[in-house]
Protein chains: 2
Amino acid sequence: MAPRTPIQLEKVRAKSRTKIINAAIELFARKGYHATSISSIAAKAGIAKGLLYHYFKSKSELLDEILKNSLSEVDEPMQALMMPGDPVDKMALLIESTFAMVQSDIKRWKLLVSIMTQYEVLIRIRKIFSKMMQGYLEIFEHLFKEMKVPQPKLEAYRLAATIDGVMLHYIYYLPDGYPLEEIKNEIIQQYAKYRKKKK
Amino acid sequence: MAPRTPIQLEKVRAKSRTKIINAAIELFARKGYHATSISSIAAKAGIAKGLLYHYFKSKSELLDEILKNSLSEVDEPMQALMMPGDPVDKMALLIESTFAMVQSDIKRWKLLVSIMTQYEVLIRIRKIFSKMMQGYLEIFEHLFKEMKVPQPKLEAYRLAATIDGVMLHYIYYLPDGYPLEEIKNEIIQQYAKYRKKKK
DNA sequence: TTTTTTTGACTGAACGATTGGTCAAAAAAA
DNA sequence: TTTTTTTGACCAATCGTTCAGTCAAAAAAA
């Protein structure tokens, strides 16, 4: 069925797909989903419009694909929490890696935020986001309980809000000279007093 | 020269304008600016498409009008800061009134956030937003200095981020059962220790 | 009072531009 | 040859916007 070696074929496919996806991320993040036309994506990717429909069924499927990939990245920082250790250290690591994730790919997060705050988001996507949020809240609460923080649940909500707020400001309002590192360290440091003294 | 009394005329005009603006806020907030059509606004407002252009030059001017009104509301909570008093009390008041503002008109804030996180925002609007943000930061810093908080500038950034983060979560992610009051009180309470003991 | 004139809010068909999406055919690779 | 990638002209639908025209009501005239 395939006259070409499937391996090299896949390389070509992947290359074209990547070009399209990167162009789409760039434009969706900057202009928003609805304000971005298929033609402009194709132009940015350096391909013909028709080819886009060879790889993606529709504009919304292209968005879906990007969102799926982006959201799966979010789970990564969670992995470090499995191993045992001082909850203060684990919390610091979680916060560090969460911020690092955003810093390394601002465009992607701009897109995610713009989609979530835009029109009636596809229910599926909203559900994934909501579940992600719940996951963060639970882990925060769990760690706060370990740390014996007075009101673990409330504190979890507050930390989640602070992190998202910092991200928002960093990404949108004050991209130049925003003291991200300092704020990050201050957030982490406030929990230092809960570190266990044991050896 | 004027066959109809200008006073009654103005009433009619105001009524229609309000109908259009309310419909636009609703739809812009829910669907986003670009995904909302003029036809749908007219339909929701219960008027003909043409009438919209009798009152507004264009779709973007309609958005501008709404944004201008919305942004002017933001300055209100600032007014209370002029009078003298314990900075802790003033801070509490500022936080209270800021949250109250959002709670009383979620749709408007959804719209504001969606516009700010959407496509390349009109430069004018972004400037206003940025200035607003700077204003908040400066007031926070000033109050923190009065309160003798260790790192007033950093703490200002953090508080601004927390407030915006809480708003974001309240508005979008967890509208049902979000413990807004509790978080608000916790935020306020953390500064209680800086209250002056003097009489 | 009754009639006529004048106003501007309001309508909806129609406009050109642009959209997301299709498809026959060329190009490329085997 | 066969298969797949790639192209760009093309389509119907929808977009924001325009505009000729309707109509209820107020002012002016009788």
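Further up the page is the structure itself.
Quick caveat, the model's predicted, so the values are computed rather than measured.

Caption draft 1: Main features of the overall build of chain A. Counting secondary structure elements, chain A contains 10 helices and zero strands. Ordered by position from the N terminus, the helices and strands of chain A form the series α-α-α-α-α-α-α-α-α-α. When burial is assessed residue by residue, chain A has 49% of its 199 residues classed as buried. Relative to all contacts within chain A whose residues are 6 or more apart in sequence, the contacts with residues 24 or more apart total 68%. Entry remark: accessible area of chain A is about 10400 Å², with carbon and sulfur atoms responsible for 56%.

Caption draft 2: Up close: the relation of the copies chain A and chain B. Aligned on chain B, chain A shows an RMSD of 0.1 Å; the corresponding rotation is 180° and the shift along the axis is 0.0 Å. Within this description, the copies of the chain are treated as partners about a two-fold rotation axis. Most of the interface of chain A is mirrored in chain B: 100% of its interface residues are interface residues there too.

Caption draft 3: The interface of chain A and chain B, seen in detail. Counting residues at the interface gives 41 residues for chain A and 41 residues for chain B. Here chain A packs against chain B, burying approximately 3700 Å² in sum over the two surfaces, 62% of which is carbon and sulfur. On the chain A side of the contact with chain B, Thr117(A), Arg158(A) and Tyr173(A) bury the most area, a combined 18% of that side's loss. Taken together, the links from chain A to chain B amount to two salt bridges. One salt bridge in this structure joins Glu186(B) and Arg158(A), with 3.5 Å as the shortest N-O distance. Across the contact surface, chain A and chain B share 10 residue pairs in polar contact (both at pLDDT 80 or more). Mapped by element, the contributors of at least two residues to the side of chain A that touches chain B are helix H1 (6-31), helix H7 (106-116), helix H8 (123-147), helix H9 (152-173) and helix H10 (180-189) of chain A. With 14 residues, the top contributor of residues to the side of chain A that touches chain B is H9(A). Across the side of chain A that touches chain B, the residue classes tally to 20 nonpolar, 12 polar and nine charged.

Caption draft 4: Here's a closer look at the nonpolar core. Formed by 140 residues in total, the largest nonpolar core has its most connected members in Phe140(A) and Phe140(B). Residues within four places of Phe140(B) in sequence aside, it is in contact with Met91(B), Leu94(B), Ala156(B), Leu159(B), Ala160(B) and Ile163(B).

Caption draft 5: Layout of the packing of aromatic side chains. Applying the stated criterion across every chain yields a total of 10 aromatic pairs over all chains. Aromatic pair Tyr170(A) and Tyr178(A): ring centres 6.3 Å apart, planes at 55°, arrangement tilted. Arranged with centres 5.4 Å apart and planes meeting at 85°, the rings of Tyr178(A) and Tyr157(B) form a pair that is edge-to-face. Of the two residues, Tyr178(A) is situated in the loop between H9 and H10 and Tyr157(B) in helix H9 (residues 152-173); the pairing between them involves two chains. There is no split in this pair, since Tyr178(A) and Tyr157(B) are both buried. The ring of Tyr33(A) is capped by Lys59(A), whose NZ or CZ atom sits 4.6 Å from the centre of that ring.

Caption draft 6: Examining unusual backbone geometry more closely. Positive phi, normally seen in glycine, also occurs at Lys148(A), with a value near 65°. Along the chain, Lys148(A) falls in the loop between H8 and H9.

Caption draft 7: Layout of the side chain of Ser16(A). Relative to the helices and strands, Ser16(A) resides in helix H1. The contacts of Ser16(A), once residues within four sequence positions are left out, are Leu51(A) and Tyr55(A).

Caption draft 8: Expanded view of helix H6 (residues 87-104) of chain B. Residues and elements named next belong to chain B. Relative to the 26 Å expected for 18 residues at 1.5 Å per residue, H6 spans 25 Å between its end C-alpha atoms, a close match to the ideal helical length. Where H6 is concerned, the buried positions are Pro87, Val88, Lys90, Met91, Ala92, Leu94, Ile95, Thr98, Phe99, Met101 and Val102. Between the side-chain oxygen of the N-cap and the backbone nitrogen of Val88 there are 2.8 Å, and the N-cap of H6 in question is Asp86.

Caption draft 9: Region of the structure containing helix H4 (residues 59-74) of chain B. When the terminal C-alpha atoms of H4(B) are compared, their 23 Å separation across 16 residues agrees well with the 22 Å that a helix rising 1.5 Å per residue should span. Residues Lys59(B), Leu62(B), Leu63(B), Asp64(B), Ile66(B), Leu67(B), Ser70(B), Leu71(B) and Val74(B) constitute the buried set of H4(B).

Caption draft 10: Main features of the environment of Ser39(B). Relative to the assigned elements, Ser39(B) resides in helix H2 (residues 38-45). Taking the C-alpha atoms as reference points, Ser39(B) and Leu154(B), separated by 115 residues in sequence, lie 47 Å from one another.

Caption draft 11: Representation of the layout of surface pockets within the structure. In this structure, the largest pocket spans a volume of roughly 740 Å³. Among the elements of the structure, H9 and H10 of chain A together with H9 and helix H10 (180-189) of chain B are those that each provide at least two residues to the lining of the largest pocket. Residue composition of the lining of the largest pocket, grouped by class: eight nonpolar, six polar and eight charged.

Caption draft 12: Broad picture of the pattern of salt bridges. A complete count under the given rule lists 24 salt bridges over all chains for this structure. Between Glu155(A) and Arg158(A) there is a salt bridge, with the nearest N and O atoms lying 3.3 Å from each other. Residue Glu155(A) and its partner Arg158(A) are both found in helix H9; the two are separated by three residues, about one turn of the helix. Taken as a pair, Glu155(A) and Arg158(A) share a single burial class, namely buried. For Glu65(B), the salt bridge identified is with Arg17(B), shortest N-O distance 2.8 Å. Here Glu65(B) is found in helix H4, whereas its partner Arg17(B) is found in helix H1 (residues 6-31), with 48 residues between them in sequence. Glu65(B) gets classed as partly exposed once you look at its relative accessible area, which sits at 22%.

Caption draft 13: Spatial organisation of the environment of Ala23(B). Residue and element names in this part refer to chain B. Here Ala23 shows up in helix H1. Overall, Ala23 belongs to the buried group, its relative accessible area being 4%. Expressed as a C-alpha distance, the spacing of Ala23 and Gly46, which sit 23 residues apart in the sequence, is 9.1 Å. Sequence-distant contacts of Ala23, that is, excluding residues within four places in its chain, are made with Ile41, Lys44 and Ala45.

Each value, and the rule that gives it
- Residues numbered from 1 in each chain as written.
- Chains lettered and ligands numbered in written order.
- Predicted model: local features only at pLDDT ≥ 70, side-chain atom pairs only at ≥ 80, totals over all residues.
- Heavy atoms only, no water.
- Helix = DSSP H or I, 4+ residues; strand = E, 2+ residues; numbered from the N terminus.
- Buried < 20%, exposed > 50% of the residue type's maximum accessible area, 1.4 Å probe, protein only.
- Contact = heavy atoms within 4.5 Å.
- Areas by Shrake-Rupley, 256 points an atom, 1.4 Å probe, with all protein chains shown as cover.
- Least-squares fit on C-alpha atoms with pLDDT ≥ 70 in both.
- Buried area = accessible area lost by both parts, 1.4 Å probe.
- Salt bridge = Lys/Arg side-chain N within 4 Å of Asp/Glu carboxyl O.
- Polar contact = N/O pair within 3.5 Å; in protein donor to acceptor, adjacent residues only side chain to side chain.
- Nonpolar A, V, L, I, M, F, W, Y, C, P; charged D, E, K, R; others polar.
- Core = buried A, V, L, I, M, F, W, Y, C linked by side-chain atoms within 4.5 Å.
- Phe/Tyr/Trp six-rings, centres within 6.5 Å; stacked < 30°, edge-to-face > 60°.
- Lys NZ or Arg CZ within 6 Å of the ring centre and 35° of its normal.
- Expected span 1.5 Å × (residues − 1).
- 1 Å grid on protein atoms, 1.4 Å probe; cavity = no way out; pocket = protein on both sides within 12 Å on 5 of 7 lines; lining within 4 Å.
- Points joined across faces, edges and corners; volume = space filled by probe spheres on them.

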